[in-house]
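Fold and contact review
For reference, the chains in residue letters:
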Amino acid sequence: MDFRLSEEHEALRDSVRDFAREAVAPVIAEHYERHTFPYEIVRQMGKMGLFGLPFPEEHGGMGGDYFALCLALEELARVDSSVAITLEAAVSLGAMPIYRFGTHEQQARWLPKLLSGEALAGFGLTEPGTGSDAGGTRTRAVLDGDEWVINGSKAFITNSGTDITALVTVTAVTGTNPDGSKELSTIIVPSGTPGFTVAPGYSKVGWNASDTHELTFDDCRVPAGNLLGERGRGFAQFLRILDEGRIAIAALAVGLAQGCVDESLTYAKERQAFGRPIGNYQAIQFKIADMELKAHTARLAYYDAAARMLAGEPFKRQAAIAKLHASTVAVDNAREATQIHGGYGFMNEYPVARFWRDSKILEIGEGTSEVQRMIIARDLGL
Ligand SMILES: Cc1cc2nc3c(=O)[nH]c(=O)nc-3n(C[C@H](O)[C@H](O)[C@H](O)COP(=O)(O)OP(=O)(O)OC[C@H]3O[C@@H](n4cnc5c(N)ncnc54)[C@H](O)[C@@H]3O)c2cc1C
């Protein structure tokens, strides 16, 4: 058993850490305040190869692994979660389904752009009427000659409406299975397809520099060849994508939790109360010690899930544990970091205010905490 990083992983972690501090930290607060998408940061992440991290070189990727992506996400989220979720959604939800399930033609058409960060893709599973119960999908796609005709809507879709969004993959009901259940399939819808409308961005509590939209499909026609993988495999496809994605979200949550430790340490040494730095008081020391403990144990949980996944072992339960634990820890640490900052913690100019606003969604997106508990309990045989 060895938890030390390889030389390659360590070098990647260090370069993303430097990038986050030098290129993201100085500009992200303004994007967040103005709710603007950080195109220049995305361009630079593309140049660094971050969008291609876990993909083979033959597709234009960096030839790394999923753990490398997780390390990058942790370091980005340590500084800012909007940037981290943009990368997470682009890679794990956007490009990954095409890499895993796409035909050679689909891969050749889309992956080079997505893996270089020149273009982004969204993953449309959630609908206005159904999220956790993804089997409740109502969007329908009907084959008409050599085209799919799609009708329905999707809610909260990340990276779906930027100037560089090339496509969204959407899950849709394409028929009825022999047992009477819905046949679900996944279809690629390129941006700009007639009948595909992207609503203006949501007004969100956090992740304000990331891109999230409701999408509608009104007799939207795409070629039959845009089916992703086999017809009827939509359910299995998104379960696989979400299992992996949970490890990535756990890494992002650990980054936020560690960022809270970083900011609290600095502040506790500077801020004076009753004639001493507040870090001299044991009440503050214990808060920071607990925050470090939580970030550390959550990191071990996602390392474990990633190691199992890379070894080709079952990892569903461990990914759910990592996501559940890390998101809880992120919310805890954000609350405590804000407390340590006192009134300044409630001011948007301090990074901890951003961390606080960005933490809650981690207990909701890519499967709520209740859903993670359901997955763990089911895997235990209940
Ligand atoms: C900013 C943002 C970005 C997102 N990006 C994407 C994206 O890119 N693609 C995408 O497809 N989706 C995306 N989502 C959607 C997200 O994954 C869903 O919001 C999430 O899965 C929860 O679904 P829901 O909102 O419909 O809540 P519901 O499923 O309606 O749940 C409501 C509450 O009921 C609980 N609940 C539901 N069922 C049960 C049960 N059986 N037992 C106990 N409790 C239960 C839930 O845990 C939750 O607390 C995004 C959401 C946000 C806010």
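Before any of the text, the structure's been laid out above.
Right, let's walk through the structure included here. (Residues numbered from 1 in each chain as written. Predicted model: local features only at pLDDT ≥ 70, side-chain atom pairs only at ≥ 80, totals over all residues. Heavy atoms only, no water.)

**Some words on the site of the ligand**
In the vicinity of the ligand there are 19 residues, among which Thr-126, Ser-132, Phe-156, Thr-368 and Glu-370 approach most closely. The contact in question runs from a nitrogen atom of the ligand to an N or O atom on the side chain of Thr-126, over 2.7 Å. Separating an oxygen atom of the ligand from a backbone N or O atom of Glu-366 is a distance of 3.4 Å. By residue number, the principal contributor to the shell around the ligand is strand β3 (residues 147-158), which donates 3 residues. Along the lines of polarity and charge, the residues of the shell around the ligand split into 8 nonpolar, 9 polar and 2 charged. (Near = heavy atom within 4 Å. Polar contact = N/O pair within 3.5 Å; in protein donor to acceptor, adjacent residues only side chain to side chain. Helix = DSSP H or I, 4+ residues; strand = E, 2+ residues; numbered from the N terminus. Nonpolar A, V, L, I, M, F, W, Y, C, P; charged D, E, K, R; others polar.)

**Quick word on the nonpolar core**
Of all hydrophobic cores here, the largest spans 96 residues; its most connected members are Met-45, Leu-76, Leu-87, Leu-114, Ile-247 and Tyr-302. If you look at the next biggest cluster of nonpolar residues, it comprises 15 residues, including Ile-150, Val-168, Val-170 and Cys-220. (Core = buried A, V, L, I, M, F, W, Y, C linked by side-chain atoms within 4.5 Å. Buried < 20%, exposed > 50% of the residue type's maximum accessible area, 1.4 Å probe, protein only.)

**Details of the pairing of strand β2 (residues 140-144)**
Bridge analysis of β2 against β3 gives 5 bridges, and the strand direction is antiparallel. The residue bridging Ala-141 from the neighbouring strand is Ile-150, located in β3. Counted along the chain from β2 to the antiparallel partner β3, the turn is 2 residues long, and its residue Gly-145 has a positive phi close to 65°. (Pairing = 2+ DSSP bridges.)

**So, the packing of helix α6 (residues 234-270) against helix α7 (residues 282-310)**
Here α6 crosses α7 at 155°, and the two axes come no closer than 9 Å. In terms of orientation, α6 lies roughly antiparallel with respect to α7. Regarding α6 and α7, the two cross each other, and that crossing is left-handed. Classifying every residue of the contact of α6 with α7 by side-chain character gives 18 nonpolar, 2 polar and 4 charged. (Axes fitted to C-alpha atoms, helices over the stretch in contact; angles between N-to-C directions. Parallel < 35°, antiparallel > 145°, perpendicular 65-115°, else oblique. Left-handed = near helix turned anticlockwise from the far one by under 90°.)

**Observations concerning unusual backbone geometry**
Backbone geometry places Asn-159, a non-glycine residue, at a positive phi of 60°. Residue position: Asn-159 is located in the loop between β3 and β4 (165-176). Take Asn-159: its relative accessible area is 0%, and that puts it in the buried class. One non-glycine residue with positive phi stands out, namely Asp-219, at about 50°.

The quantities given are spatial measurements derived from coordinates; they are silent on function.
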